[in-house]
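# Structural characterization, general
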Amino acid sequence: MSTPDIRMSPMSGVGLVASREISTRLKSKAYRISTLVLLILIVVGIFVLKLFGGSSGPDATVGFVPAAAPLSAPLTAIGSSVGQNIATQPVADEQAGIAKLKDGSIDALLVQGADRVHVQVEKDLDGNLKNVLTVLAGRVAQNSEIIAQRGDPAKVDAAVAAARIDELPPLEKPYDYDGQQLVLGIIAGILIYMSLLLNGQTVAQGVVEEKTSRVVELLLSTIKPWQLMAGKVLGIGTVGLIQMLAIGVVGIAAGLGTGVLTISLSAAIGTVVWLVVWYLLGFFMYSIVFAALGALVSRQEDVSGAVSPVLMLVIVGYVVGISVLPSDPSNKFAEVLSIIPVFAPTLMPMRLAMGGVPVWEAVVSVGLVVLLIPGLVWLAARIYRNAVMRTGAKVKLRDALRAA
């Protein structure tokens, strides 16, 4: 007498495993507490920025005695021309100025007269301020020479101030990177990196847990191996997405509500949307591989070693993003890596949040990941099917790939 086929339909099997993962993990106290703590930290951090962020002060403050007063206006003008915000402050005399140097009220003091630049500091002279004062000294010497030659320093200064460069149109249209968008880009990269790191390894650990407890044998009596793998990835991915959405929405809402973020609402929403898109793409791309690699081992302590080669790809993209993009958002090396599928999930969302990414680059990077996922599903399903029922010693990758 034949045994009835009790296997479910493909989608029913995947849905059953996914719903089980979602239900189990949403009820987990660890998940709820960790999500709540993250949300609280984000809100508290935003309020701290609101309270203590403030506006930045001058780059340097220079005091001057009455005899050096004529140097005040040229000093601030020269500083402005080289991107330094120099504030000046009159002092009654040299002794009063020295007192201010000692209490930190000023960074440097101009003493004696205006015929030369005599500067006094407490310990050392800041390099940027020294450059500005050096230019000022050159200006003073130039004016002295003009007077000696019976010229008019005021006319020469006016002619110099009116001089302008003839700037030709740039070969490429520049993009003005907003500081807040740069910060959002880094935060987006960190969130995706942490989610891939934690949730991806959770998939591998879940596979090993079921494998060692023999639960997998019961499950595979009703569903196919690929259904079990897909359901687990889908379930854990959904739970991670809920956490990601909560963090993104609460963070953006708190930032806009407190005024810490002054970017447009559309830019903020766009950041969250791309965050979700790249989380989903990155998670499904990496997690199906983690599931397959997890099936190769039978002990939890072996999981990190099994998945570490793939994790390195995630880490490389993240490290390049946080180390290169903040100082050089248009870096060509990071631009190329962000289009390569294995690095795109961490790098591309950073660049998109920062802005200035050509549409074709965003489309190509998404398209390449979408095209890669079916191939990874096929490969991972083969490894998973051939290794998940084999306990004991670690299954070699080549054996899992060629097993019947």
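Residues numbered from 1 in each chain as written. Predicted model: local features only at pLDDT ≥ 70, side-chain atom pairs only at ≥ 80, totals over all residues. Heavy atoms only, no water.

By the naming in an unreviewed UniProt entry, the protein is ABC transporter permease, taken from Amycolatopsis rhabdoformis. Per UniProt, the protein has the following entry under Subcellular location (unreviewed entry): "Membrane". (UniProt positions renumbered as here; feature names shortened; annotations may be inferred.)

This part takes up the packing of helix H3 (residues 72-81) against helix H5 (residues 127-148). Between H3 and H5, whose axes approach to 9 Å, the crossing angle comes to 125 degrees. Here H3 is positioned oblique relative to H5, judged by the angle of their axes. Relative to H5, the crossing made by H3 is right-handed. In this structure, H3 uses Pro 74, Leu 75, Ile 78 and Gly 79 to contact H5, whose residues at the interface are Val 132, Leu 133, Val 135, Leu 136 and Arg 139. In terms of residue class, the contact of H3 with H5 is made up of 7 nonpolar, 1 polar and 1 charged. (Axes fitted to C-alpha atoms, helices over the stretch in contact; angles between N-to-C directions. Helix = DSSP H or I, 4+ residues; strand = E, 2+ residues; numbered from the N terminus. Parallel < 35°, antiparallel > 145°, perpendicular 65-115°, else oblique. Left-handed = near helix turned anticlockwise from the far one by under 90°. Contact = heavy atoms within 4.5 Å. Nonpolar A, V, L, I, M, F, W, Y, C, P; charged D, E, K, R; others polar.)

Right, let's talk about the pattern of salt bridges for a bit. Scanning all chains against the criterion turns up 7 salt bridges. Two residues, Glu 301 and Arg 299, come together in a salt bridge whose shortest N-O distance is 3.4 Å. Judged by relative accessible area, which is 45%, Arg 299 ranks as partly exposed. For Asp 302, the salt bridge identified is with Arg 299, shortest N-O distance 3.0 Å. (Salt bridge = Lys/Arg side-chain N within 4 Å of Asp/Glu carboxyl O. Buried < 20%, exposed > 50% of the residue type's maximum accessible area, 1.4 Å probe, protein only.)

Before going further, it helps to examine a nonpolar patch on the surface. Together, Ile 33, Val 37, Leu 38 and Leu 41 give the surface a local cluster of nonpolar side chains, amounting to about 360 Å² of exposed area. Among the residues examined, Leu 38 registers a relative accessible area of 35% and is labelled partly exposed. (Patch = residues over 30% accessible without salt bridge, like charges linked within 9 Å, V, L, I, M, F, W, Y side chains within 5 Å. Areas by Shrake-Rupley, 256 points an atom, 1.4 Å probe, with all protein chains shown as cover.)

Moving on, we come to the pairing of strand E3 (residues 108-111). Burial along E3 is two-sided: the residues Ala 108 and Leu 110 and Leu 109 and Val 111 are all buried. Note: strand E1 (residues 60-64) against E3, 3 bridges, orientation parallel. Counterpart to Phe 64 in the pairing with E3 is Leu 110. In terms of strand pairing, E3 meets strand E4 (residues 118-120) through 3 bridges, oriented antiparallel. Residue Leu 109 lies in a different strand from E4, and its bridge partner there is Gln 120. Counting the residues between successive antiparallel strands, the hairpin from E3 to E4 contains 6 residues, one of them, Gln 112, with a positive phi of roughly 60 degrees. (Pairing = 2+ DSSP bridges.)

Side chains of Asp 59, Asp 107, Asp 124 and Asp 126 sit close together on the surface and give a patch of like negative charge. One can find Asp 59 in the loop between helix H2 (29-52) and E1. Overall, Asp 59 belongs to the partly exposed group, its relative accessible area being 46%. (Lys, Arg positive; Asp, Glu negative; His and termini not counted. Charge placed at Lys NZ, Arg CZ, Asp CG, Glu CD.)

Turning our attention to the pairing of strand E2 (residues 86-90). The pairing of E1 with E2 spans 5 bridges and is parallel. Residue pairing for E2: Ala 60 is matched across the bridge by Ile 86. One crossover worth recording links E1 to the parallel E2 by way of H3, and it is right-handed. (Right-handed = clockwise from strand over helix to strand, strands pointing away.)

Bringing the sheet that holds E3 into the picture now. One open sheet holds the 4 strands; their spatial order is E2-E1-E3-E4, and the pairing between them is mixed. With partners counted over all chains shown, the strands left at the sheet margins are E2 and E4, one partner each. Within this sheet the neighbouring strands show an average axis-to-axis angle of 30 degrees, counted without direction. With respect to the sheet, H3 is in contact with E1, E2 and E3, its orientation differing from that of E2 by roughly 165 degrees.

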